[in-house]
There are 2 protein chains.
Amino acid sequence: MAEQTFTISELAREFDVTTRTIRFYEDQSLLEPAREGQRRIYSRRDRVRLMLILRGKRIGLSLLEIRELFDLYDAASNDEPQLREFIRILSRKEQQLQEQLDDIRVVLGEIGQIRSQCEKALGKQAV
Amino acid sequence: MAEQTFTISELAREFDVTTRTIRFYEDQSLLEPAREGQRRIYSRRDRVRLMLILRGKRIGLSLLEIRELFDLYDAASNDEPQLREFIRILSRKEQQLQEQLDDIRVVLGEIGQIRSQCEKALGKQAV
DNA sequence: ATTGACGTTGACGTAAACGTCAAGTTATTG
DNA sequence: CAATAACTTGACGTTTACGTCAACGTCAAT
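Residues numbered from 1 in each chain as written. Chains lettered and ligands numbered in written order. Predicted model: local features only at pLDDT ≥ 70, side-chain atom pairs only at ≥ 80, totals over all residues. Heavy atoms only, no water.

Labelled according to an unreviewed UniProt entry, chain A appears under the name MerR family DNA-binding transcriptional regulator, originating from Aquitalea palustris.

Q: Run through the interface of chain B and chain A, naming residues and quoting values.
A: Listed as interface residues are 32 residues of chain B and, on the opposing side, 32 residues of chain A. Across the chain B/chain A interface, buried area totals approximately 3,400 Å², and carbon plus sulfur atoms make up 72% of it. Taken together, the connections running from chain B to chain A amount to 1 salt bridge. The dominant element in the side of chain B that touches chain A, judged by the number of residues it contributes, is helix 5 (residues 80-121) of chain B, at 25 residues. Per-class residue counts for the side of chain B that touches chain A are 18 nonpolar, 4 polar and 10 charged. (Contact = heavy atoms within 4.5 Å. Buried area = accessible area lost by both parts, 1.4 Å probe. Salt bridge = Lys/Arg side-chain N within 4 Å of Asp/Glu carboxyl O. Helix = DSSP H or I, 4+ residues; strand = E, 2+ residues; numbered from the N terminus. Nonpolar A, V, L, I, M, F, W, Y, C, P; charged D, E, K, R; others polar.)

Q: Tell me about the relation of the copies chain B and chain A, residues and numbers included.
A: In screw terms, the move from chain B to chain A is a rotation of 180 degrees and a rise of 0.0 Å along the axis, fitting with an RMSD of 0.1 Å. The operation mapping one copy onto its partner corresponds to a two-fold rotation axis. Residue L101 of chain B, judged by its C-alpha, is the member of chain B lying nearest the rotation axis, at 3.2 Å. Most of the interface of chain B is mirrored in chain A: 100% of its interface residues are interface residues there too. (Least-squares fit on C-alpha atoms with pLDDT ≥ 70 in both.)

Q: Break down the sheet that holds strand 3 (residues 39-43) of chain A for me, with residues and values.
A: Residues and elements named next belong to chain A. Read across the open sheet, the 3 strands follow the order 1-3-2; overall the sheet is antiparallel. Of all the strands in the sheet, the pair left with one neighbour each is strand 1 (5-6) and strand 2 (34-36). Here 3 bridges tie strand 2 to strand 3, and the two strands are oriented antiparallel to one another. Each residue of the ladder has a partner; that of R35, found in strand 3, is R40. (Pairing = 2+ DSSP bridges.)

Q: Mind laying out helix 1 (residues 8-15) of chain A, listing which residues take part and the relevant values?
A: Residues and elements named next belong to chain A. By the burial criterion, the buried members of helix 1 are I8, L11, A12 and F15. End-on view of helix 1: buried residues confined to an arc of 105 degrees, all on one side of the axis. Looking at the buried positions of helix 1, the neighbouring elements they touch are strand 1, helix 2 (19-27), strand 3 and helix 3 (44-58). Phi turns positive one or two residues past the end of helix 1, at D16, with a value near 55 degrees. (Buried < 20%, exposed > 50% of the residue type's maximum accessible area, 1.4 Å probe, protein only. Arc of directions from axis to C-beta.)

Q: Report on the side chain of E26 of chain B, specifying residues and quantitative values.
A: Take E26 of chain B: it is sitting in helix 2 (residues 19-27). Those residues within four positions of E26 of chain B in sequence are excluded, and the remaining contacts are L31, P33, R35, R40 and Y42 of chain B.

Q: So what about the protein's contact with DNA strand C? Which residues, and what values?
A: In the vicinity of DNA strand C, 17 residues are found, and the nearest of them are S9 and R40 of chain A together with T18, R20 and K57 of chain B. Here DNA strand C approaches the protein such that, of its atoms within 4 Å, sugar and phosphate make up 77%. In this structure, a phosphate oxygen belonging to DNA strand C sits 2.6 Å away from a side-chain N or O atom of T18 of chain B. With respect to DNA strand C, the side chain of R39 of chain B contributes an N or O atom lying 3.2 Å from a base oxygen. Looking at the surface near DNA strand C, the elements that each hand over two or more residues are helix 1 and strand 3 of chain A together with helix 2 of chain B. In terms of residue count, the dominant contributor to the surface near DNA strand C is helix 2 of chain B (4 residues). (Near = heavy atom within 4 Å. Polar contact = N/O pair within 3.5 Å; in protein donor to acceptor, adjacent residues only side chain to side chain.)

Q: Residue-level account of the pattern of salt bridges, with values.
A: This structure, assessed with the given rule, holds 11 salt bridges over all chains. Across the pair R55 of chain A and E110 of chain B runs a salt bridge whose closest N-O atoms are separated by 2.8 Å. Placement of R55 of chain A in helix 3 and of E110 of chain B in helix 5 is noted, with the two residues assigned to different chains. The salt bridge involving D102 of chain B is made with R105 of chain B; its shortest N-O contact spans 3.7 Å. Here D102 of chain B and its partner R105 of chain B are both found in helix 5, 3 residues apart, which amounts to about one turn of the helix. By relative accessible area, which is 39% here, D102 of chain B ends up partly exposed. Among the ionic contacts, a cluster of salt bridges with common partners joins E26, R35 and R40 of chain A.

Q: Residues and numbers for the protein's contact with DNA strand D, please.
A: For DNA strand D, the set of nearby residues contains 18 residues, the closest of which are T18, Y25 and K57 of chain A together with S9 and R40 of chain B. Counting only atoms of DNA strand D within 4 Å of the protein, the sugar-phosphate share comes to 70%. Residue L63 of chain A places a main-chain N or O atom 3.1 Å away from a phosphate oxygen belonging to DNA strand D. Take R40 of chain B: an N or O atom from its side chain is 2.3 Å from a phosphate oxygen of DNA strand D. A per-element tally of the surface near DNA strand D places helix 2 of chain A first, with 4 residues.

As structure tokens, then:
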């Protein structure tokens, strides 16, 4: 059974981004879809990459950082300094994420408090 | 004992931002320090606001969103529609934060896996 | 053959969040 | 009192991540 492929607008719909966005990611070397004539053809692997890009963005990575991670990941299996560099970057990002997570917990806690105060001020109807 | 105050560069040092940044926040109506002649004088309350701004940013709020929250918070004690709007915004943001938190957990998990693979590939030295 | 949907490549525009001068004011310190 | 440091207000520049045309290609259906 042949590999499943996708068009640019299929991916755009599925992930709720514009086609412009997807082409822009290609410009930034984050995607490299095959071509059939002029048309771009996206493989499962391309689709996964797009998912990773979008998740990377959601956690606050820049497109450049995402690209660096891709590059490292692609090249990392070879020599040892590469691997060590990869680990270093991941550790740093892990720590940042952990701090961000703590921040979010704090804010969520405060939001909860403020909200219950508001609800009390409005009487006991559920909101 | 008189209220403690701060200069712009004291705050800049303390929070590791530039004075330009602090003035920019004032431009955006996020801060309203008192003046002594021309010079800006920051109160404890201003300092707290700055802390809130920076924490808001760390969790991915735009300056505009931060300002809206400030405005609502300042005005919220009065009428009921204000309060309801406040609650609505907080709920929406709470949900976004929760999703972001889930994303971060996923990525942290994957980072852990990738890293332990890397470490295995490098032999059993601690990294 | 034309219409419509979908695709393509430029090129320029935009919003957010500051950075970076320039040119002047005020305070203090040797 | 002159230098230096710290402050001020513009005004313009910069980066990121796209949006928005314009102008054109391609293919299927009418």
